[in-house]
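Structural features, examined
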Amino acid sequence: MEESKIQDKANRIRDVIRYIKKFKNATIVIYFDDRIIDSPLFTSHLHDISLLHEAGIRIIIVPGARIRIDELLSKNNIPWEIKNGCRITSDEAMPIIKNAAFDVANTVMTSLAGERLTAVIGNWVRSRGKGVLDGTDYGTSGEIDKIDEKTIQTVLDNGFIPIFPCIGWSLNGKPYNISSSQLASQIASLLKADKLFYMIPGAEISDKLFYINPEQGLSPEGCVPAMNLDELNTFIEENSSLDKKDLTEEQKTQAKLILSILKLSKKSVESGVTRVHVLDGSADGTIPCEIFSDLGSGTMIYSSGYGKIRAMRRDDISGLISLIQPFVKKGMLLPRTEKELENSFNDYIIYELDGAVRGCAALHIYSYEQAEIAAVAVDESCAHIGIGPKIVEYLIEKAKSIRIKSVFVLTTQTADWFETIGFSPDTIDSIPEQRRKIWTPSRGSKVFRLKLEY
């Protein structure tokens, strides 16, 4: 087997081990759109949940029940309408809605039993009626008042999986139909969950349905892999009117659903949930991919702490050598030995993603006249999310902070990229003599320079 393939496999295994350690005893809330529950893939998703549970991750499941409720109401000839995302029915519908919600919850519990997992369905949600809003009586539709955190923690501590049907009860025991997606958000917020997953069929945040800012990093498939809260606010504002795009009615429905989930995701993160993930539940393996890899398979919403730039430490040296090795083999970077990095580690910065070294660069200062930005490398699996520009911009600002007049780079294959961010061609004679001594005509690196303005 080729050395590069072995290294790729080893890196993936290292990631899994790192994330298992990171998320042991973590709490994850998973919302399942009921179309996923009715699909052949649901068994596979539950098998993945079983593996997570065995790894020490605490799981809470909130299943949607819209399809089952629709089915039973139609069967009993009971009319309903949907307004502002809420189902409006008469009181006679409530027993049927409750039966449908618990029917779906029981389906999930039975499937979990097939994976030898013990689940518990409970009445842990207190609610109240929405009442009359703008002249509309919302009938059996309810708002969440309180969630029984103490009981939920006890269930989790005993190794069980809580399942929440979309039903809440008032103080006098009257049931109300509540939103499953909203319930998942509020449970995650209450428990300060480490992750909240929204499993939606065909969930894809791309330019097929939405306007995407050209500066937004995209996955190789053209989807948004992650957004912080600032980027999310901009995204929601720019897509507030779906009329800007030529969409079919089906696409508009899907886009509205995803936007509603993103708004809930925003509230969850603002309330203390570490990360929210909007996932395509139609894809097998999407749950472990999202937990045990840096970028996963869907779109992650986060506030901070996901990726950061920091100074290199001595214990980063082995990781940095592994990071730059593929670029050395391609002739894009010069090799660095462990001793060389030991002697100059203060020049280097690291881009850390969930505790792993995913990018690096160095600022070698020769004088106040000029400094070199060198060893710019980004893990290929993360190359599409804008790490390169961030670390180069960081070093440019660092050079400015100490009043360096210009920075230069020596490059063989990335000249176009540096030109797009303002660098201009220069001559080899313009760089310091000590740097010229290790330049070789056979390698043919070209000089590009950026004059710094103050």
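Residues numbered from 1 in each chain as written. Predicted model: local features only at pLDDT ≥ 70, side-chain atom pairs only at ≥ 80, totals over all residues. Heavy atoms only, no water.

With respect to the overall build of the chain
How we decide: Only DSSP runs of H or I covering at least 4 residues are called helices, and only runs of E covering at least 2 are called strands; the numbering of each starts at the N terminus. Burial status follows relative accessibility: with a 1.4 Å probe on protein chains alone, a residue under 20% of its type maximum counts as buried, one over 50% as exposed, and anything between as partly exposed. Two residues form a contact once any of their heavy atoms are found within 4.5 Å. Note that accessible areas follow from Shrake-Rupley with a 1.4 Å probe, and for residues the cover is restricted to the protein chains shown. Counting rule for charge: Lys and Arg are taken as positive, Asp and Glu as negative, and neither His nor the chain ends is counted. By convention, charge coordinates are those of NZ in Lys, CZ in Arg, CG in Asp, or CD in Glu.
For the chain, the count of helices and strands is 15 helices and 23 strands. A principal-axis box enclosing the C-alpha atoms of the chain has dimensions of 85 × 45 × 35 Å. Every one of the 454 residues in the chain was classed for burial, and the buried ones make up 48%. Long-range pairs, those at least 24 residues apart, make up 72% of the contacts in the chain between residues at least 6 apart in sequence. Within the structure as shown, the chain displays about 22,200 Å² of accessible surface, and the carbon and sulfur contribution to it stands at 49%. The average position of the 55 basic charges and that of the 61 acidic charges among the side chains of the chain differ by 4 Å.

A look at helix 7 (residues 180–191)
Convention followed: Expected span, for any helix, means 1.5 Å times one less than how many residues it has.
With 12 residues, helix 7 should cover 16 Å at 1.5 Å per step; its first-to-last C-alpha distance of 16 Å lies within 8% of that length. In terms of residue burial, helix 7 counts as a mostly covered element, since nine of its 12 residues are buried. Considered for burial, the residues of helix 7 that qualify are Ser 180, Ser 181, Leu 183, Ala 184, Ser 185, Ile 187, Ala 188, Ser 189 and Leu 191. Positive backbone phi, approximately 50°, marks Lys 192, located one or two places after helix 7.

Observations regarding the sheet that holds strand 20 (residues 370–378)
The line we're drawing: Following DSSP output, two strands are said to pair if at least two bridges run between them. Here an axis means a line fitted to C-alpha atoms, over the contact stretch when the element is a helix, while the angle between two N-to-C directions is reported on a 0 to 180 degree scale.
If you walk across this open sheet you meet the seven strands as 17-18-19-20-21-23-22, and the pairing is mixed. Edge positions in the sheet fall to strand 17 (307–311) and strand 22 (424–426), since each has one partner strand and no second. Sheet twist, expressed as the average angle between the axes of neighbouring strands with direction ignored, equals 30°. In this structure, strand 19 (residues 356–365) lies alongside strand 20, joined through six bridges in antiparallel fashion. For Gly 359, the partnering residue across the bridge sits in strand 20 and is Val 378.

Observations regarding the nonpolar core
The criterion, for reference: Here, nonpolar core means buried Ala, Val, Leu, Ile, Met, Phe, Trp, Tyr and Cys residues that are tied together by side-chain atoms lying within 4.5 Å of each other.
One finds Val 29, Phe 164, Leu 183, Ile 187, Tyr 198, Phe 210 and Leu 262 to be the most contacted residues of the largest nonpolar core, which totals 46 residues. Ranked by residues supplied to this core, first place goes to helix 9 (residues 249–270) with seven residues. If near-sequence neighbours (up to four positions away) are discounted, Leu 262 is found in contact with Ile 205, Leu 232, Phe 235, Ile 236, Val 278 and Ile 301. Formed by 39 residues, the second largest nonpolar core is a distinct cluster that contains Ala 93, Met 94, Leu 117 and Cys 166.

With respect to the packing of helix 8 (residues 229–238) against helix 9
Formally: For this classification, under 35 degrees means roughly parallel, over 145 means roughly antiparallel, 65 to 115 means roughly perpendicular, and everything else is oblique. By convention the crossing between two helices is left-handed if the near helix lies anticlockwise of the far one by an angle smaller than a right angle, and right-handed if it lies clockwise. Any residue that is not Ala, Val, Leu, Ile, Met, Phe, Trp, Tyr, Cys, Pro, Asp, Glu, Lys or Arg is counted as polar, Gly included; the first ten are nonpolar and the last four charged.
At a minimum axis separation of 11 Å, helix 8 and helix 9 run at an interaxial angle of 150°. Taken together, the axes of helix 8 and helix 9 lie roughly antiparallel to each other. In terms of crossing hand, the pair formed by helix 8 and helix 9 is left-handed. Of helix 9, the residues touching helix 8 (which contributes Leu 229, Leu 232, Asn 233, Phe 235 and Ile 236) are Leu 259, Leu 262, Lys 263, Lys 266, Val 269 and Glu 270. For the contact of helix 8 with helix 9, the residue count by class is seven nonpolar, one polar and three charged.

Quick notes on the packing of aromatic side chains
For the record, the criterion: Geometry of aromatic contacts follows a simple scheme: Phe, Tyr and Trp rings, the Trp one being its six-membered ring, pair when their centres are within 6.5 Å, and the pair is stacked under 30 degrees between planes, edge-to-face over 60, tilted otherwise.
Throughout the structure, instances matching the rule amount to eight aromatic pairs. Here Phe 102 and Trp 169 contribute two aromatic rings whose centre-to-centre distance is 6.1 Å and whose plane-to-plane angle is 65°, an arrangement assigned as edge-to-face. Separated by 67 residues along the polypeptide, Phe 102 in helix 5 (residues 94–114) and Trp 169 in strand 11 (residues 167–169) bring together distant segments of the chain. The interplanar angle of 80° and the centroid separation of 4.9 Å between the aromatic rings of Trp 417 and Phe 418 together place this pair among those described as edge-to-face. Phe 418 gets classed as buried once you look at its relative accessible area, which sits at 5%. Grouped by ring-pair contacts, the aromatic residues Trp 417, Phe 418 and Phe 423 constitute a single cluster.

Considering the pairing of strand 16 (residues 299–302)
Of the two faces of strand 16, the one lined by Thr 299 and Ile 301 and the one lined by Met 300 and Tyr 302 are each fully buried. Taken together, the four bridges between strand 15 (residues 275–280) and strand 16 define a ladder with antiparallel strand orientation. The residue bridging His 277 from the neighbouring strand is Met 300, located in strand 16.

Side note on the side chain of Asp 316
The condition that has to hold: Here a polar contact is recorded for every N or O atom pair within 3.5 Å, except that within protein the pair must consist of a potential hydrogen donor and a potential acceptor, and residues adjacent in sequence are included only if both atoms are side-chain atoms.
Inspection of the secondary structure puts Asp 316 in the loop between strand 17 and helix 11 (317–329). Only 2.8 Å separates the side chain of Asp 316 from the backbone nitrogen of Arg 313, close enough to count as a polar contact. Not counting residues within four places of it along the chain, the set of residues in contact with Asp 316 comprises Arg 310, Ala 311, Ile 350 and Val 357.

Comments concerning the confidence of the model for the chain
It should be kept in mind that the predicted coordinates are not to be read in detail where pLDDT is low. Note the cut-off: As a per-residue measure, pLDDT reflects the predictor's confidence and takes values from 0 up to 100.
For the chain, per-residue confidence averages 89 on the pLDDT scale, and residues scoring 70 or more make up 92% of the total. Across the chain, strand 10 (residues 161–163) holds the top mean pLDDT of 97, while helix 1 (residues 3–23) sits lowest at 64.

Observations concerning unusual backbone geometry
A positive phi angle, close to 55°, is found at Ala 375, a residue other than glycine. Position of Ala 375 relative to the elements: it lies in strand 20. Despite not being glycine, Arg 403 has its phi angle at roughly 65°, a positive value.

Comments concerning the pattern of salt bridges
Put simply, the rule reads: One side-chain nitrogen of Lys or Arg within 4 Å of one carboxyl oxygen of Asp or Glu is enough to make a salt bridge.
What the rule picks out here adds up to 21 salt bridges. Between Lys 130 and Glu 143 there is a salt bridge whose closest N-O contact spans 2.4 Å. Note that Lys 130 is positioned in the loop between strand 6 (125–129) and strand 7 (132–133) and Glu 143 in strand 9 (residues 142–147), a separation of 13 residues in sequence. The shortest N-O distance in the salt bridge between Glu 342 and Arg 314 comes to 2.9 Å. Highlighted residues: Glu 342 in helix 12 (residues 338–344) and Arg 314 in the loop between strand 17 and helix 11, separated in sequence by 28 residues.

Quick word on the pairing of strand 21 (residues 406–411)
A large share of strand 21 lies buried, amounting to six of its six residues. Neither face of strand 21 is exposed, since Ser 406, Phe 408 and Leu 410 on one face and Val 407, Val 409 and Thr 411 on the opposite face are all buried. For strand 20 and strand 21, the ladder comprises three bridges, and the chain directions are parallel. If you follow Ala 371 over to strand 21, its bridge partner there is Val 407. Bridge count for strand 21 against strand 23 (residues 446–451) is six bridges, and the pairing is antiparallel.

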